[in-house]
Amino acid sequence: MGDIDVRAKLAHWKECVADAELASELDDLSNADDAAIADAFFQDLAFGTAGLRGIIGAGTNRMNIYTVARATQGLADYLNAHFDDPSVAIARDSRHKGQLFVNTAASVLAMNGIRSYVYPRVEPTPALSFAVRDLGCSAGINMTASHNPAAYNGYKVYGADGCQITSEAAREISDCIARLGYFEEDGACAKIADIRDMLDGGLVNWIGEDTLARFENAVLEQSQEESDDADAPLDIVYTPLCGTGLECVQTVLAKIGVPYLNVVPGQDVPDGDFPTCEYPNPEERAALEKGIELCRARAAVGRTPDLLLATDPDADRVGVAVPDGDDFALITGNEMGILLMDFIARRKLERGESLDRSVAITTIVSSAMADEVAEAYGFELRRVLTGFKYIGEQIAMLEAAGEAGRFMFGFEESYGYLAGTHVRDKDAVVASMLICQMARYYRARGMSLVDAMEALYERFGYCFNRTVSLAYPGADGAAKMADIMARVRHEAPAEVAGLPVERVVDYNAQAPMPVVCGETSQILPCANVVEFALQGGCKLIVRPSGTEPKIKAYLFAKADSADRSAALLDRLDTAARELLA
């Protein structure tokens, strides 16, 4: 889009915007350079399968009340076309403008005759997924930007099954949105009213404490402990990273025999500034540093914690650090997924349950060790596309066949885990409970989680993983990413890091679902993903991010020792950066 077009859009917004804060920002933007104006207006903020996510501010490429209202009107049009009496559950995390965006969405829905049920305070993403099903809603909206920095917020949409919307639904909603303008001067647009009028009229309702209690009870039903296993209390340091996790995590852990959490000071209260954690992503050590400091302080007085748990701001993902000599080791998302899958399978066998019909689900970019574990235990493992909604879809398919009880566990490498069918998204609350129970299980056997993971490496091979993310920001970033993906797809290398390419899988061409110990013959949806299977069980998978202007390279190394696998991983890292340059 040319410079004249974006300046024309800026002028139009200055004429139409009534919100004083946004009007002031538009005035400032008028004096900014061309690149800043283009970044705010070069496109409409894209509505994808994850909904909206972007920087808070003025412009069509920003999160503000006008982009939220427009998206909600598109959703309302979709719901009224597909449901006789639609309703929507709404939640938010601790992000800036979250309450304002909730009010905006509820108001637009009400103006379209659609009832909404709103959590009265910040709550975890899995509690929203649960509420959709518990209240029989047609859809759900969660105002969250997950682990993004404080400048971001988002608008994530769920279907009636509590799962993030399908690609087909996202396309239809996006088409509805595309027909709309932002202001009355544009013609068809969203109508926003005072939320207080909607509350009085019964079209906006609060979600009661009973729904949250049922969510917590559903989490507790996934306990893997017997009554006498909880006799030895754990010492846990916990941080919700200024987000939503404290209420539910604290309640659930207290009920499994963890009566007290050492909560990291300064990170216990919901705060959209994330003042002690610039990038609140539990995958990153920097996000856990305050928690590790508290662990070290307790260790210095002879009270070394068993675990550090860190849930991300919307509490759908959890990171873990455990004592390891004089330091605290971080368990990666792949490692924790393998540990939990192995732990649940062990406990089932110890209870005398058969695993023959059990189904675990992970993604094509998750640890290759999952295949080895499934083969060892004899349960079925399905690999789906990246995104937990695809795991949720598999659970829905089992449920539709009357086989929901077959679902054992699901995980993705980006620290998302789920046991149980109470929600259809990753759930840091149930994961935190299971991690604590697993730590107690291994402690009773003289092992830490580091020891337990080392035992799995020795048994199945040292399967190491790494993700390389290369950013392509700005108005021309999308074009650069498209060019790189086209080159990777059509000019495939014969070798990567000195390892011959044995097979290339283009997931944009209806690839079959990878399955271990099962007969499922499903075809995966088309996706902009390319996999290079390399000699010796190594892999490189390339895909653009669905939520950020990045291309990700997933690296898989396998060897018979930690040193050799780490060296392979470094070689793959260098090769991936060269490939994506």
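These numbers come from a predicted model, not from an experiment.

Conventions adopted
- Residues numbered from 1 in each chain as written.
- Predicted model: local features only at pLDDT ≥ 70, side-chain atom pairs only at ≥ 80, totals over all residues.
- Heavy atoms only, no water.
- Helix = DSSP H or I, 4+ residues; strand = E, 2+ residues; numbered from the N terminus.
- Rg over C-alpha atoms; globule rule 2.2 N^0.38 Å.
- Areas by Shrake-Rupley, 256 points an atom, 1.4 Å probe, with all protein chains shown as cover.
- Contact = heavy atoms within 4.5 Å.
- Axes fitted to C-alpha atoms, helices over the stretch in contact; angles between N-to-C directions.
- Parallel < 35°, antiparallel > 145°, perpendicular 65-115°, else oblique.
- Left-handed = near helix turned anticlockwise from the far one by under 90°.
- Nonpolar A, V, L, I, M, F, W, Y, C, P; charged D, E, K, R; others polar.
- Salt bridge = Lys/Arg side-chain N within 4 Å of Asp/Glu carboxyl O.
- Buried < 20%, exposed > 50% of the residue type's maximum accessible area, 1.4 Å probe, protein only.
- Pairing = 2+ DSSP bridges.
- Core = buried A, V, L, I, M, F, W, Y, C linked by side-chain atoms within 4.5 Å.
- Patch = residues over 30% accessible without salt bridge, like charges linked within 9 Å, V, L, I, M, F, W, Y side chains within 5 Å.
- Lys, Arg positive; Asp, Glu negative; His and termini not counted.
- Charge placed at Lys NZ, Arg CZ, Asp CG, Glu CD.
- Expected span 1.5 Å × (residues − 1).

Turning our attention to the overall build of the protein chain. The number of helices and strands found in the protein chain is 18 helices and 22 strands. Relative to its length of 581 residues, the protein chain is compact, with a C-alpha radius of gyration of 24 Å against a globular reference of 25 Å. Along the longest, intermediate and shortest principal axes, the C-alpha atoms of the protein chain span 70 × 55 × 50 Å. Carbon and sulfur atoms form 48% of the exposed surface of the protein chain, whose accessible area is close to 22,200 Å².

Right, let's talk about the side chain of Glu412 for a bit. Secondary-structure assignment places Glu412 in strand S14 (residues 407–412). Setting aside residues no more than four positions away along its own chain, Glu412 makes contact with Gly333, Thr362, Thr363, Ser366, Gly387, Phe388, Tyr417 and Lys426.

On to the environment of Cys538, then. Within the secondary structure, Cys538 is located in the loop between strand S20 (530–534) and strand S21 (539–544). Remark: the alpha-carbon pair of Cys538 and Leu499, spanning 39 residues in sequence, is separated by 8.4 Å. Look past the residues within four positions of Cys538 in its chain and what remains in contact with it is Leu499, Phe532, Ala533, Phe556, Ala557, Lys558 and Leu568.

What follows concerns the packing of helix H4 (residues 65–82) against helix H7 (residues 167–178). Relative to each other, H4 and H7 sit at 120°, their axes nearing to 8 Å. The pairing of H4 with H7 is recorded here as oblique in orientation. Note that H4 runs across H7; the crossing there is right-handed. Facing Arg70, Ala71, Gly74, Leu75, Asp77, Tyr78 and His82 of H4, the residues of H7 in contact are Ala169, Glu172, Ile173, Cys176, Ile177 and Ala178. By residue class, the composition of the contact of H4 with H7 is 8 nonpolar, 2 polar and 3 charged.

Okay, the pattern of salt bridges next. The final tally for this structure, using the stated rule, is 42 salt bridges. Measuring nitrogen to oxygen at the nearest pair gives 3.0 Å for the salt bridge that ties Arg296 to Asp327. Placement of Arg296 in helix H11 (residues 285–300) and of Asp327 in strand S11 (residues 327–331) is noted, with a sequence separation of 31 residues between them. Take Asp327: its relative accessible area is 34%, and that puts it in the partly exposed class. Put simply, Arg351 and Glu353 hold a salt bridge, and the shortest N to O gap is 2.9 Å. Residue Arg351 is classed as partly exposed on the basis of its relative accessible area of 32%. Residue classification places Glu353 among the partly exposed residues on the basis of a relative accessible area of 31%. Salt bridges linked by common partners bring Arg357, Glu380, Arg382, Glu403 and Arg406 together as one network.

Turning to the sheet that holds S14, a few remarks are in order. Here we have 5 strands laid out as an open sheet, ordered S15-S14-S12-S13-S19, and mixed in their pairing. The two strands at the open ends of the sheet, each matched to only one other strand, are strand S15 (416–418) and strand S19 (515–516). Bridge count for strand S12 (residues 359–363) against strand S13 (residues 380–384) is 5 bridges, and the pairing is parallel. Residue pairing in the sheet places Ala360 in a bridge with Leu381 of S13. Against the sheet, helix H12 (residues 333–350) touches S12, S13, S14 and S15, its axis set at about 170° to S14. Running over the sheet, helix H14 (residues 388–400) touches S12, S13, S14 and S15 and is turned about 165° from S14.

Glancing now at the environment of Val219. Inspection of the secondary structure assignment puts Val219 in helix H9 (residues 209–220). Separated by 202 residues in sequence, Val219 and Thr421 place their C-alpha atoms 9.6 Å apart.

The next thing to look at is the nonpolar core. Core analysis: the biggest nonpolar cluster contains 131 residues, and Leu307, Leu309, Met336, Met341 and Phe379 have the highest contact counts within it. With 12 residues, helix H15 (residues 428–443) is the largest single contributor of residues to this core. Those residues in contact with Leu309, other than ones at most four positions away along the chain, are Ile236, Val237, Tyr238, Thr239, Leu253, Val318, Gly319, Val320, Ser432, Ile435 and Cys436.

Here we take up a negative patch on the surface. Residues Glu15, Glu184, Glu185 and Asp186 make up a contiguous surface patch of negative charge. Position of Glu184 among the secondary structure elements: in the loop between H7 and helix H8 (195–201).

Along an α-helix, a turn takes 3.6 residues, which lines up residues three or four apart on a common side. Across its 18 residues, helix H18 (residues 562–579) extends 25 Å between first and last C-alpha, which sits within 8% of the 26 Å expected from 1.5 Å per residue. Regarding H18, the residues found buried are Ser565, Leu568, Leu569, Leu572, Asp573, Ala575, Ala576 and Leu579.

A few words now on unusual backbone geometry. Despite not being glycine, Gln510 shows a phi value in the positive range, around 55°. Residue placement: Gln510 occurs in the loop between strand S18 (499–506) and S19. In this structure, Cys517 is a non-glycine residue whose phi angle is positive, near 55°.

On to the sheet that holds strand S22 (residues 550–559). Judged by pairing direction, the sheet is antiparallel, and its 6 strands sit side by side in the order S16-S22-S21-S20-S18-S17 without closing on themselves. Since the sheet does not close on itself, it has two edges, and those belong to strand S16 (462–471) and strand S17 (495–496), each with one partner. For S17 and S18, the ladder comprises 2 bridges, and the chain directions are antiparallel. From the neighbouring strand, Glu495 faces S18, where its bridge partner is Pro500. Contacting S16 and S22, helix H16 (residues 449–460) crosses the sheet at an angle of about 105° to S16.

A word on the pairing of strand S9 (residues 307–311). Two faces make up the sheet, and in a regular strand the side chains alternate between them. The buried fraction of S9 is high, at 5 of 5 residues. Here S9 shows two buried faces, one formed by Leu307, Leu309 and Thr311 and the other by Leu308 and Ala310. Two elements, strand S7 (residues 236–239) and S9, share 4 bridges in a ladder whose sense is parallel. The residue of S9 that forms the bridge with Thr239 is Ala310.

Attention now goes to the packing of H9 against H15. Running from N to C, H9 and H15 cross one another at 35°; their axes reach a closest spacing of 9 Å. Relative to H15, the crossing made by H9 is right-handed. Mapping the contact onto sequence places Phe215, Val219 and Leu220 in H9 and Val429, Val430 and Met433 in H15. Residue classes in the contact of H9 with H15 are distributed as 6 nonpolar, no polar and no charged.

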